[in-house]
Amino acid sequence: MAENYSVTVQLTKKKLKKRLNCDLVEYKPSMNVLSMGRFMRNHKMESIYYGRVSGDNVQIFYHNAKKKDGGMTGFFGKITEKDDVCELTGKFRKPLYAYISAVILILLCIACAIGTFAAGSWHGALVFLGIGAGGGFVMLYDNYKKYLKKYLDGLAEKKR
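Residues numbered from 1 in each chain as written. Predicted model: local features only at pLDDT ≥ 70, side-chain atom pairs only at ≥ 80, totals over all residues. Heavy atoms only, no water.

Comments concerning the pairing of strand E4 (residues 57-63)
We apply this condition: Exposure is judged per residue with a 1.4 Å probe applied to protein chains only, and the accessible area is read against the type maximum: over 50% gives exposed, under 20% gives buried, and values in between give partly exposed. What counts as a helix is a DSSP run of H or I of at least four residues, what counts as a strand is a run of E of at least two, and both are numbered from the N terminus. Any two strands are treated as partners once DSSP identifies two or more bridges connecting them.
The element E4 is largely enclosed, with a buried count of five among its seven residues. Pairing of strand E3 (residues 48-54) with E4 involves seven bridges; the strand directions are antiparallel. When the bridges of E4 are listed, Ile 48 appears paired with His 63. Count of turn residues in the E3/E4 antiparallel hairpin: two residues, of which Gly 55 carries a positive phi of about 65°. Taken together, the four bridges between E4 and strand E5 (residues 74-82) define a ladder with antiparallel strand orientation. Along E5, the bridge assignment pairs Ile 60 with Phe 75.

Focus on the packing of helix H3 (residues 96-118) against helix H4 (residues 122-140)
Helix-helix packing is described using two parameters, namely the angle between the two axes and the distance between the axes. Our working rule: Whenever a helix is involved, its axis is fitted only over the stretch in contact; in every case the axis is a line through C-alpha atoms, and angles between N-to-C directions fall within 0 to 180 degrees. Should an angle fall under 35 degrees it is called roughly parallel, over 145 degrees roughly antiparallel, and 65 to 115 degrees roughly perpendicular, with every other angle called oblique. By definition, residues are in contact when any of their heavy atoms lie within 4.5 Å. Three residue categories are used. Nonpolar comprises Ala, Val, Leu, Ile, Met, Phe, Trp, Tyr, Cys and Pro, charged comprises Asp, Glu, Lys and Arg, and polar comprises the others, including Gly.
The N-to-C vectors of H3 and H4 enclose an angle of 175°; their axes lie 7 Å apart at closest approach. Taken together, the axes of H3 and H4 lie roughly antiparallel to each other. Facing H3, whose interface residues are Ala 98, Tyr 99, Ser 101, Ala 102, Leu 105, Ile 106, Cys 109, Ile 110, Cys 112, Ala 113, Thr 116 and Phe 117, H4 presents Trp 122, Gly 124, Ala 125, Phe 128, Leu 129, Ile 131, Gly 132, Gly 135, Gly 136, Met 139 and Leu 140. For the contact of H3 with H4, the per-class residue count stands at 17 nonpolar, six polar and no charged.

A look at the packing of aromatic side chains
Applicable threshold: Whether two aromatic rings pair depends on their centres lying within 6.5 Å, for rings of Phe, Tyr and Trp, where Trp uses its six-membered ring; planes under 30 degrees apart make the pair stacked, over 60 edge-to-face, and the rest tilted.
With the rule as written, the count across this model stands at 11 aromatic pairs. Pairing Phe 39 with Tyr 50 gives two aromatic rings, centres 5.0 Å apart and planes at 50°, and the pair type is tilted. Of this pair, Phe 39 sits in helix H2 (residues 34-42) while Tyr 50 sits in strand E3, and the two are 11 residues apart along the sequence. The class for Tyr 50 is buried, based on a relative accessible area of 0%. What links up through ring pairs into an aromatic cluster is the set Tyr 27, Phe 39, Tyr 50, Phe 61 and Phe 76.

Regarding the environment of Ala 98
Examined against the element boundaries, Ala 98 turns out to sit in helix H3. Separated by 41 residues in sequence, Ala 98 and Met 139 place their C-alpha atoms 7.0 Å apart.

Looking at the pattern of salt bridges
For the record, the criterion: Definition used for salt bridges: Asp or Glu carboxyl oxygen within 4 Å of a side-chain nitrogen of Lys or Arg.
Within this structure, the stated rule accounts for three salt bridges. Linking Lys 13 and Asp 56 is a salt bridge whose minimum nitrogen-to-oxygen distance equals 3.3 Å. Separated by 43 residues along the polypeptide, Lys 13 in helix H1 (residues 13-23) and Asp 56 in the loop between E3 and E4 bring together distant segments of the chain. When salt bridges that share partners are traced, they join Lys 13, Lys 17 and Asp 56 into one network.

Notes on the nonpolar core
For the record, the criterion: Only buried residues count toward a nonpolar core, which is a set of Ala, Val, Leu, Ile, Met, Phe, Trp, Tyr and Cys residues joined through side-chain atoms within 4.5 Å.
Counting residues in each nonpolar core, the largest one holds 23 residues, and the members touching the most others are Leu 16, Leu 20, Ile 60, Leu 88, Tyr 151, Leu 152 and Leu 155. At four residues, the largest contribution of residues to this core is made by helix H5 (residues 145-157). If we ignore the near neighbours within four places in the chain, the residues touching Leu 155 are Val 9, Leu 16, Arg 19, Leu 20, Asp 23 and Leu 88. One finds Met 36, Phe 39, Ile 48 and Phe 61 within the second-largest nonpolar core, a separate group that totals eight residues.

Quick look at the environment of Thr 8
Relative to the helices and strands, Thr 8 is located in strand E1 (residues 3-9). Once the C-alpha coordinates of Thr 8 and Thr 80 are considered, the two residues, 72 residues apart in sequence, prove to be 9.6 Å apart. Residues within four places of Thr 8 in sequence aside, it is in contact with Val 85, Cys 86, Glu 87 and Ala 156.

Some thoughts on the sheet that holds E3
Strand order in this open sheet of six strands is E1-E6-E5-E4-E3-E2, and the pairing throughout is mixed. Looking at which strands have only one partner, the edges of the open sheet turn out to be E1 and strand E2 (25-26). Taken strand by strand, H1 contacts E1, E2, E3, E4, E5 and strand E6 (85-93), and its axis lies near 155° from that of E5. Contacts from H2 reach E2, E3 and E4 within the one sheet, and its direction differs from that of E3 by about 130°.

Spelled out as structure tokens, the structure:
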């Protein structure tokens, strides 16, 4: 599921961090489930790149205007400096809570399917298994990677 990606940027580490901090809307993930909803409501009408730079670690996400797309695919990477250029390496993946939610949904559907099958309805069990498989696919579907790649490739084209 997670895809490795690397891009070489013609900036120093300090300038790259400054560029990222200017381009990204600051978002610090928290344990509060409602914080993502609040953030999305505040930026409902604008398409933005958001995330954070923490030391050498980078998290970048994309929000499409008028969409409820919290928990979409993000870039989780690290900045390494080589001579006078930086390399940004990392993976495209969902946030951890998206995987946890998908696993909980699938396990709940499997438990319901087993209970329904034990009660004598194999049609009901198939329905619950279908709901679990469909829900897991929808939750883990990856359609925002293209926006993030476009942004990262745009960073690589920037000159000093």
